[in-house]
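Residues per chain, in single letters:
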Amino acid sequence: MRPADFARDRPIEIPVSGPQSLGDLDEPSLVRRAQGGDLDAFDVLVRRHQERVYATVYHMTANHEDAADITQETFIKAYNALRGFKGDCSFFTWLYRIGVNRTLNFLKQRRNRPLQFSLNDLDFNAEHDPDIVALVSEQTPRRAIDLTELQQKLNAAMLKLSEVHRMVVILHDIQGLPHEEIAGIMDCNSGTVRSRLFYARQQLQALLSDYLK
Amino acid sequence: MERPPDPSRDLLQLLSLKRHEMPPPGFFKRLPNRILVNIRAGCEVSDLTWWNRLWEFLVREPIAASSYAALAMGTALFAVSVFRTAVEPEGPSALAWQDTSATVHSPAEAPATASLPQGMIYLTTLPVGYQRVRPDPFSAAGAARFYNVGLDTPQTHAETVPTHLAR
């Protein structure tokens, strides 16, 4: 019998608790399993939240390598601290809080060093996004520059904001989180979030006035 | 009626550009594996300063903390004793520190063997020869010494001398 035939005749093994079946579980169940040391359950949690955590850290640092390191550290720290998670807030909020604090600490330590951009490329959909199309097709100085240059100007302006103001803009205007959730993540009240957002937008409008109407 | 344009609308459009910044292809496939490998390897992440780490260690290990505290206290006491010996090597200085009943003696009560300069008083009850003295501000001679008046040394505090002594 050839190896291929032998393999075909073997009974199919259905994984009992592999990542495929774990993917159907809700978040509290996955968290409970991960708290018991189930790394496969934690793997599912990582895959669910990695993009948003990475995006937040990346927008704060404007550096892909730093964002990759901090995202990795955030999940490792979350796993090590998972037994202390009591479920007072959602896992998402708790995880975000770790990521935000880690990022703020990183930026505080790096405050005296010059900032180094390492921007990610824009995806293919950027040129077809209605907002972006409207942005570059109007009669403004923006017409003269391409999207990559606009991206660099935008990131440079964002980095001129203080860390907390930048974080609020990222979480609200880019990530689309509600004020209350941001307040939970940043450990402040929603009034503070609103006032920080208002001030940050004013500053950004002043910094990017050449590219706005 | 047309609503006035929202000033932040353009800004929000501009910010939407950030949503299209994507990491290199395959990054989100590799990241979970890197995380799990590090967790399995027992990797720990700490963002504490050395002072916070030391404090956490002391709180976590009370026996070690007590030992370090005892060691620090012993070192401090040893340093103080060495310092005092160096300052007054021949005098029974320890007695002066322990003598809580020290009283001020007038010259009349002082031992006869003590040759106390005029206008000086005893500060302690230490044995003769080790007394500490200072000018008696309530006698004329003592006040003169106290205010540095009538001595051979230059008068550096003449402006502080009371008028009845300056005469």
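Reading guide: rules and limits
Residues numbered from 1 in each chain as written. Chains lettered and ligands numbered in written order. Predicted model: local features only at pLDDT ≥ 70, side-chain atom pairs only at ≥ 80, totals over all residues. Heavy atoms only, no water. Helix = DSSP H or I, 4+ residues; strand = E, 2+ residues; numbered from the N terminus. Buried < 20%, exposed > 50% of the residue type's maximum accessible area, 1.4 Å probe, protein only. Contact = heavy atoms within 4.5 Å. Areas by Shrake-Rupley, 256 points an atom, 1.4 Å probe, with all protein chains shown as cover. Buried area = accessible area lost by both parts, 1.4 Å probe. Nonpolar A, V, L, I, M, F, W, Y, C, P; charged D, E, K, R; others polar. Pairing = 2+ DSSP bridges. Core = buried A, V, L, I, M, F, W, Y, C linked by side-chain atoms within 4.5 Å. Arc of directions from axis to C-beta. 1 Å grid on protein atoms, 1.4 Å probe; cavity = no way out; pocket = protein on both sides within 12 Å on 5 of 7 lines; lining within 4 Å. Points joined across faces, edges and corners; volume = space filled by probe spheres on them. pLDDT = per-residue confidence, 0-100. Axes fitted to C-alpha atoms, helices over the stretch in contact; angles between N-to-C directions. Parallel < 35°, antiparallel > 145°, perpendicular 65-115°, else oblique. Left-handed = near helix turned anticlockwise from the far one by under 90°. Phe/Tyr/Trp six-rings, centres within 6.5 Å; stacked < 30°, edge-to-face > 60°.

1. Regarding the overall build of chain A
Item 1. The helix and strand tally for chain A stands at 11 helices and one strand.
Item 2. Secondary structure of chain A in N-to-C order comes out as α-α-α-α-α-α-β-α-α-α-α-α.
Item 3. Residues classed as buried in chain A amount to 48% of the 213 residues present.
Item 4. Taking contacts inside chain A between residues at least 6 apart in sequence as the whole, the part at least 24 apart equals 60%.
Item 5. For chain A, the exposed surface amounts to about 11,400 Å²; the carbon and sulfur share of it is 49%.

2. Some remarks on the overall build of chain B
Item 1. Along the backbone of chain B there are seven helices and three strands.
Item 2. Listing the helices and strands of chain B from first to last along the sequence gives α-β-α-α-α-α-β-β-α-α.
Item 3. Residues classed as buried in chain B amount to 25% of the 167 residues present.
Item 4. Carbon and sulfur atoms make up 63% of the accessible area of chain B, which amounts to about 12,100 Å² in all.

3. Side note on the interface of chain B and chain A
Many descriptions give the size of an interface as the accessible area lost when the pieces come together.
Item 1. At the interface, 35 residues of chain B touch 51 residues of chain A.
Item 2. Of the roughly 4,100 Å² buried between chain B and chain A, counting both surfaces, carbon and sulfur atoms make up 64%.
Item 3. Sort the elements by how many residues they give to the side of chain B that touches chain A and helix 2 (residues 27–40) of chain B lands first, with 12 residues.
Item 4. Tallied by class, residues from the side of chain B that touches chain A come to 18 nonpolar, seven polar and 10 charged.
Item 5. Sheet topology places strand 1 (residues 121–122) of chain A next to strand 1 (residues 21–22) of chain B; two bridges connect them, and they run antiparallel. Residue Asp 121 of chain A lies in a different strand from strand 1 of chain B, and its bridge partner there is Met 22 of chain B.

4. So, the nonpolar core
It is characteristic of soluble globular proteins that their nonpolar side chains tend to be buried jointly.
Item 1. Of all hydrophobic cores here, the largest spans 69 residues; its most connected members are Phe 42, Leu 204 and Leu 208 of chain A.
Item 2. For this core, the leading source of residues is helix 4 (residues 39–61) of chain A, giving 11 residues.
Item 3. Ignoring sequence-local partners within four residues, the contact set of Phe 42 of chain A consists of Ala 34, Phe 75, Tyr 79 and Leu 82 of chain A together with Ile 35, Leu 36 and Ile 39 of chain B.

5. As for helix 10 (residues 179–186) of chain A
Residues and elements named next belong to chain A.
Item 1. If you check which residues of helix 10 are buried, you get His 179, Ile 182, Ala 183, Ile 185 and Met 186. Buried positions in helix 10, seen along its axis, are confined to an arc of 165 degrees and lie on one side of it.
Item 2. Looking at the packing, one finds that the buried side of helix 10 touches helix 6 (91–109), helix 9 (163–174) and helix 11 (190–207).
Item 3. Backbone geometry just after helix 10 places Asp 187 at a positive phi near 55 degrees.

6. Describing empty space enclosed by the protein
All names here are of chain A.
Item 1. Throughout the structure, instances matching the rule amount to one cavity of 30 Å³ or more.
Item 2. Looking at the largest cavity, its volume works out to about 40 Å³.
Item 3. Around the largest cavity, the lining residues are Val 53, Thr 56, Val 57, Tyr 96, Gly 99, Val 100 and Thr 103.
Item 4. Sorting elements by how many residues they give to the lining of the largest cavity places helix 6 first, with four residues.
Item 5. The residue makeup of the lining of the largest cavity, split by class, is four nonpolar, three polar and no charged.

7. Digging into the environment of Arg 102 of chain A
Item 1. Examined against the element boundaries, Arg 102 of chain A turns out to sit in helix 6.
Item 2. Residues Arg 102 of chain A and Ile 70 of chain A, spaced 32 residues apart in sequence, show a C-alpha to C-alpha distance of 7.1 Å.

8. Describing the layout of surface pockets
Item 1. Looking at the largest pocket, its volume works out to about 230 Å³.
Item 2. In terms of lining residues, the largest pocket is bounded by 14 residues, among which Glu 51, Ala 55 and Gln 175 of chain A together with Arg 19 and Met 22 of chain B are the most central.
Item 3. Taken together, the elements giving at least two residues each to the lining of the largest pocket come down to helix 4 of chain A together with strand 1 of chain B.
Item 4. Broken down by element, the lining of the largest pocket gets its largest block of residues, six residues, from helix 4 of chain A.
Item 5. For the lining of the largest pocket, the class distribution of residues is seven nonpolar, two polar and five charged.

9. Comments concerning the confidence of the model for chain A
Item 1. Of all residues in chain A, 85% attain a pLDDT of 70 or more, and the chain-wide mean is 83.
Item 2. Counting contacts from residues 1–16 of chain A, a segment whose pLDDT is below 50, to residues more than four positions away or on other chains yields four contacts.

10. Focus on the packing of helix 9 of chain A against helix 10 of chain A
Residue and element names in this part refer to chain A.
Item 1. Orientation of helix 9 relative to helix 10, taken along the N-to-C sense of each, is 140 degrees, at an axis distance of 10 Å. On the basis of the axis angle, helix 9 is oblique to helix 10. Handedness of the helix 9/helix 10 crossing: right-handed. For the pair helix 9 and helix 10, the contacting residues are Val 164, Met 167, Val 168, Leu 171 and His 172 in the first and His 179, Ile 182, Ile 185 and Met 186 in the second.
Item 2. Looking at the contact of helix 9 with helix 10, its residues break down into seven nonpolar, two polar and no charged.

11. Considerations on the packing of aromatic side chains
Working definition: an aromatic ring pair is given by the centre-to-centre distance plus the angle between the planes.
Item 1. Tallied over the full model, the rule gives nine aromatic pairs over all chains.
Item 2. Look at Phe 42 of chain A and Tyr 79 of chain A: their rings are 4.9 Å apart centre to centre, the planes differ by 65 degrees, and that puts the pair in the edge-to-face class. One end of the pair, Phe 42 of chain A, is in helix 4; the other, Tyr 79 of chain A, is in helix 5 (residues 64–80), with 37 residues separating them in the sequence.
Item 3. Residue class for Tyr 79 of chain A comes out buried when judged on its relative accessible area of 17%.
Item 4. An aromatic cluster of at least three residues, connected via ring pairs, comprises Tyr 54 and Tyr 58 of chain A together with Phe 27 and Phe 28 of chain B.

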